[in-house]
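# A closer look at the structure
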Amino acid sequence: MSFGSISLEAHATLAIAMNKIGGKSNTGEGGENADRYLNQDPENNMRSAIKQVASGRFGVTASYLAHADDLQIKMAQGAKPGEGGELPGYKVTKDIAKTRHSVPRVGLISPPPHHDIYSIEDLAELIYDLKCSNPNARISVKLVSEVGVGVVASGVAKGKAEHIVISGHDGGTGASSWTGIKNAGLPWELGVAETHQVLVLNNLRSRVVVQADGQIRTGFDVVVAALLGADEFGFSTAPLIAMGCTMMRKCHLNTCPVGIATQDPILRKKFAGKPEHVINYLFMLAEEIRDHMAQLGVKNFQDLIGRTDLLKVSESSNPKAKTLNFNLILKNALHMRPGVNIVGGKYGDEGLPENSINIMLKGSAGQSFCAFMSKGVHVTLEGDANDYVGKGLCGGEIVVYPPKNSSPNFKSELNVIVGNVCLYGATSGKAYFRGIAAERFLVRNSGVVAVVEGVGDHGCEYMTGGCAVILGLTGRNFAAGMSGGIAYVLDVDGSFIGKCNSEMVDLLPLEDKTDLEYVLGLLKQFHTKTGSLIAEDLIKTWPESAKRFIKVCF
């Protein structure tokens, strides 16, 4: 449950309650205000221990990642599998927009996929990147309950994740379309059983902790989940009910009458929940679990994990229910493969002073070059780089240009110098690339200033802030879903208008005095840092050359 789908008061109350009892609250995909984890009150600690990294990368900075016990990659959500989060504009207040690095009152849509994950190898790379950003954090991956999720979970375990969440369809959300909530997803029981069995069969179960999630409310639910193979359990709706939720089913409309799933300041004043309410609920839940364990004759909770022999199908008078076959779910994984073990930010957002660390490199950089780089770090590469350059950039500066000994006939504006999905989810900083950036350049950029000599398809997609100066050709579908920031595009051959997705943006000439001075300043910086001949020619004929630019803005 993100800050945005529910109110700050509800979000903070959950965090305080979980910190008091030694549990973990989750930020959701909306990020978290830095003052909640930097200025911790020992009595009322509002820090969320689990920091989520979703496809929108809202609020994901180096400081955010460094102040986490768990870093969770949300591949999908059980309440809306296959869809990204949708936060309506009326829920995007100034505080939420600041946290998410976006524009107030403008709706936010997370892309359905992570644009740096198109294979299990890509997921393993993101796990590695997050582990580098916070070596002490446990890396979690959230999957949805579906047929075949066990195979995916095996790949996740092999990718060195330490925690896997299986999310069921019953879970609620205040940031989703009603059609997704009502019509998509499968029960968590199916996914948890399959995941546990496949992990045991591949001797991977001891590497990971499995968590069940999705409308788990009672002690009975917890015991069933444990018997099917879950180690940990996620609670959302039940704690909200303990805090006063009246189940109006209006979470997506911003009209919650008890101040939980709303950003309306008048309705938020009606919030009466307290951390003690959630703590009392969890203590009573534990008592109920002890009762069930006593009836089963089990002393330690760990002894419940995977004991499907203690489950039986309940009797039903419904003729359709009698036709269901639960044999596959109730298989004991240890019988399938006997003998397998199944137990399983120092400087904050301010970063370093300018020019604290300067790095000069030559050659070809691999994937995720300069990922999550903080302010005060400056990296210059003479050569080229692979995919995901500068993803999650939060204050640093990246300069990439071709080798100085290149042929005199070499034209940087016709050659790719950095790969796909560069500066994905970046929040601040600068990037200068003398050459073409491949597809999905600056997807979900919310604050970086970047200059490049051309981009592939889907440039500036879902951009909510920052600035892009494109000194060359673009691919198709430029600025799709762009709801903030500005792009200045040099229309080299007059084809740009046909390639731009103008559904949400306006196309204007570059003629405002402030814009002219700003773009000229960036061109001079770009020429100084990279030696760009394109920038040099534009500067010589400025402001006449400005007539060839098109300003793209929301």
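Residues numbered from 1 in each chain as written. Predicted model: local features only at pLDDT ≥ 70, side-chain atom pairs only at ≥ 80, totals over all residues. Heavy atoms only, no water.

### Here we look at the sheet that holds strand 11 (residues 394-401)
Working definition: the strands of a sheet are paired by backbone hydrogen bonds and lie parallel or antiparallel to each other. Applicable threshold: Being paired, for any two strands, means DSSP has found at least two bridges between them. Numbered from the N terminus, helices here are DSSP runs of H or I no shorter than four residues, and strands are runs of E no shorter than two. Axis definition: a line fit to C-alpha positions, over the contact stretch in the case of helices; interaxial angles, taken between N-to-C directions, run 0 to 180 degrees.
The strand order 9-10-11-13-15-16-17-19-18 describes an open sheet built from nine strands, whose pairing is mixed. The open sheet has two edge strands with one neighbour each: strand 9 (357-365) and strand 18 (506-509). Strand-to-strand twist of the sheet, defined as the mean angle between neighbouring strand axes without regard to direction, takes the value 15°. For strand 16 (residues 464-470) and strand 17 (residues 484-490), the ladder comprises five bridges, and the chain directions are parallel. Residue pairing in the sheet places Ala468 in a bridge with Ala487 of strand 17.

### Concerning the pattern of salt bridges
Quick note on the threshold: In the sections that follow, a salt bridge refers to a side-chain nitrogen of Lys or Arg positioned within 4 Å of a carboxyl oxygen of Asp or Glu.
Enumeration according to the criterion identifies 21 salt bridges in this entry. One salt bridge connects Asp70 with Arg138, and the closest N-O pair in it is separated by 2.7 Å. Of the two residues, Asp70 is situated in strand 2 (residues 70-74) and Arg138 in strand 5 (residues 138-144); the sequence distance between them amounts to 68 residues. A salt bridge links Arg138 to Glu232; its shortest N-O distance comes to 3.3 Å. Here Arg138, found in strand 5, pairs with Glu232, found in strand 8 (residues 232-234); they are 94 residues apart in sequence, far enough to count as distant. Overlapping salt bridges bring together Lys24, Asp70, Arg138 and Glu232 as one network.

### Structural notes on the pairing of strand 15 (residues 446-452)
Keep this limit in mind: Each residue is assigned to one of three classes by its accessible area relative to the maximum for its type, calculated with a 1.4 Å probe on protein chains only: buried under 20%, partly exposed between the two thresholds, exposed over 50%.
For strand 15, the buried fraction is high: six of the seven residues fall into the buried class. Note that strand 13 (residues 428-433) and strand 15 share four bridges and pair parallel. Residue pairing across strands places Ala431 opposite Ala450, the latter belonging to strand 15. As defined by bridge partners, strand 15 adjoins strand 16 across five bridges and the pair is classed as parallel. Within strand 16, the position partnered with Ser446 by the bridge is Gly465.

### Focus: the domain arrangement of the protein
Condition: Domains are outlined according to an automatic or database domain assignment. Pairs of residues are marked as contacts when any of their non-hydrogen atoms sit within 4.5 Å. As used here, buried area is the combined drop in accessible area, with a 1.4 Å probe, of two parts when they are placed together.
Per the domain assignment, the segments making up the protein are domain 1 (8-336) and domain 2 (357-553). Its C-alpha centre places domain 1 at a distance of 37 Å from the equivalent point of domain 2. The partner domain 2 presents 21 residues to the 29 residues of domain 1 that form the contact. Both faces considered, domain 1 and domain 2 share a buried interface measuring about 1,900 Å² in area, 57% of it formed by carbon and sulfur atoms. Remark: the boundary between domain 1 and domain 2 carries two salt bridges. The salt bridge involving Asp129 is made with Lys391; its shortest N-O contact spans 2.9 Å.

### Notes on the pairing of strand 13
By the bridge criterion, five bridges tie strand 11 to strand 13 in an arrangement that is parallel. When the sheet's bridge partners are listed, Val399 is paired in strand 13 with Tyr432.

### Points about the side chain of Asp70
The condition is simple: Side-chain atoms alone can form a polar contact between residues adjacent in sequence; in general such a contact is a pair of N or O atoms within 3.5 Å, and within protein one must be able to donate a hydrogen while the other accepts it.
Classification of Asp70 by relative accessible area gives buried; the value is 2%. In this structure the side chain of Asp70 is engaged in a polar contact, spanning 2.7 Å, whose partner is the side chain of Arg138. Leave out the neighbours within four places in its chain, and Asp70 touches Lys24, Ala49, Ile50, Lys51 and Arg138.

### Digging into the environment of Asp213
Note on placement: Asp213 falls in strand 7 (residues 209-213). Remark: the alpha-carbon pair of Asp213 and Leu267, spanning 54 residues in sequence, is separated by 29 Å. With residues up to four places along the chain from it excluded, the contact list for Asp213 reads Lys142, Val165, Ile166, Ser167, Gly168, Trp188 and Gly234.

### Brief notes about the sheet that holds strand 1 (residues 50-53)
Read across the open sheet, the six strands follow the order 1-2-5-6-7-8; overall the sheet is parallel. A strand with exactly one partner marks an edge of an open sheet, and here the two such strands are strand 1 and strand 8. Adjacent strand axes in the sheet meet at a mean angle of 25°, parallel and antiparallel pairs treated alike. As defined by bridge partners, strand 1 adjoins strand 2 across four bridges and the pair is classed as parallel. Bridge pairing links Val53 to Ile73 in strand 2. Against the sheet, helix 8 (residues 188-201) makes contact with strand 6 (163-167) and strand 7, and its axis sits at roughly 170° relative to strand 7, the strand it touches most.

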